[in-house]
Amino acid sequence: MNDRPPAPGGLALVEALVNTLDIETGTDRLDTADGRAPFGLTEDDVPAARELREALRGACLAHAGHGSAASLDGLLAGAPLRVAITADGGAALRPLGPPTLVSRVAEAIAAATADGTWTRLKACEEQTCRWAYYDRSPAARSRWCSMSVCGARAKMRTYRARRSRTA
């Protein structure tokens with residue numbers, strides 16, 4: 001949907017999951033085996049993955065100043081994680097047992113929160129888009145996944161509205 005590079009580290013997983021749904025066309029890549037494969041999902045896993053995806057989209061929208069991330073908290077509450085000591089003596093959260101999508105997402109969010117990158121994963125402000133993107137701008141104030149598409153549309157609507165008021 002956009003030409004931005006993927007989010008860093010584990011946030012790439014979160015970004016990819018959110019972006020499995022193209023809101024504008026209604027295409028959901030979780031409907032296909034190829035779309036589920038990167039997340040290790042079976043067809044039976046899809047309803048829970050969709051719920052997680054939309055909660056993550058809500059969190060990304062909250063990072064952009066729109067909405068709330070409250071529903072994500074409940075979904076991640078049962079993620080089985082443990083504290084693991086890294087080779088350099090640091091600590092990190094790791095899935096307990098075989099990693100599930102929920103535990104992998106929780107691990108990615110915990111690591112991104114620790115390094116200060118979690119709130120830079122945002123969802124496009126354009127209501128027909130809502131694509132997840134990683135905000136690399138210095139002030140972390142990007143509003144659209146693509147300035148040339150969604151940003152241009154929003155600015156054109158604002159321009160037309162302003163012109164119609166003055167005409």
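Residues numbered from 1 in each chain as written. Predicted model: local features only at pLDDT ≥ 70, side-chain atom pairs only at ≥ 80, totals over all residues. Heavy atoms only, no water.

**Re the side chain of Asp135**
On the secondary structure map, Asp135 appears in the loop between strand 6 (132–134) and helix 6 (147–166). Residue Asp135 is classed as buried on the basis of its relative accessible area, which comes to 0%. Engagement of the side chain of Asp135 in a polar contact is seen with the side chain of Lys122, the distance being 2.8 Å. A distance of 2.6 Å separates polar atoms of two side chains, one belonging to Asp135 and the other to Ser137. (Helix = DSSP H or I, 4+ residues; strand = E, 2+ residues; numbered from the N terminus. Buried < 20%, exposed > 50% of the residue type's maximum accessible area, 1.4 Å probe, protein only. Polar contact = N/O pair within 3.5 Å; in protein donor to acceptor, adjacent residues only side chain to side chain.)

**What to know about the pairing of strand 4 (residues 91–95)**
Here strand 3 (residues 81–85) pairs with strand 4 via five bridges, running antiparallel. When the bridges of strand 4 are listed, Ile85 appears paired with Ala91. Counting the residues in the hairpin turn of strand 3 and strand 4 gives five residues, including Gly89, whose phi is positive at 90°. (Pairing = 2+ DSSP bridges.)

**Let's talk about the pattern of salt bridges**
On inspection of all chains with the given rule, the structure shows seven salt bridges. With its nearest N and O atoms 2.9 Å apart, the salt bridge here joins Glu54 to Arg53. On the basis of relative accessible area, Arg53 is assigned to the buried category, the value being 3%. A salt bridge links Asp135 to Lys122; its shortest N-O distance comes to 2.8 Å. On the criterion of sequence distance, the pair formed by Asp135 in the loop between strand 6 and helix 6 and Lys122 in strand 5 (residues 121–123) is long-range, its members being 13 residues apart. Shared partners join several salt bridges into a network, and the residues in it are Asp28, Asp31, Arg50, Arg53, Glu54 and Arg57. (Salt bridge = Lys/Arg side-chain N within 4 Å of Asp/Glu carboxyl O.)

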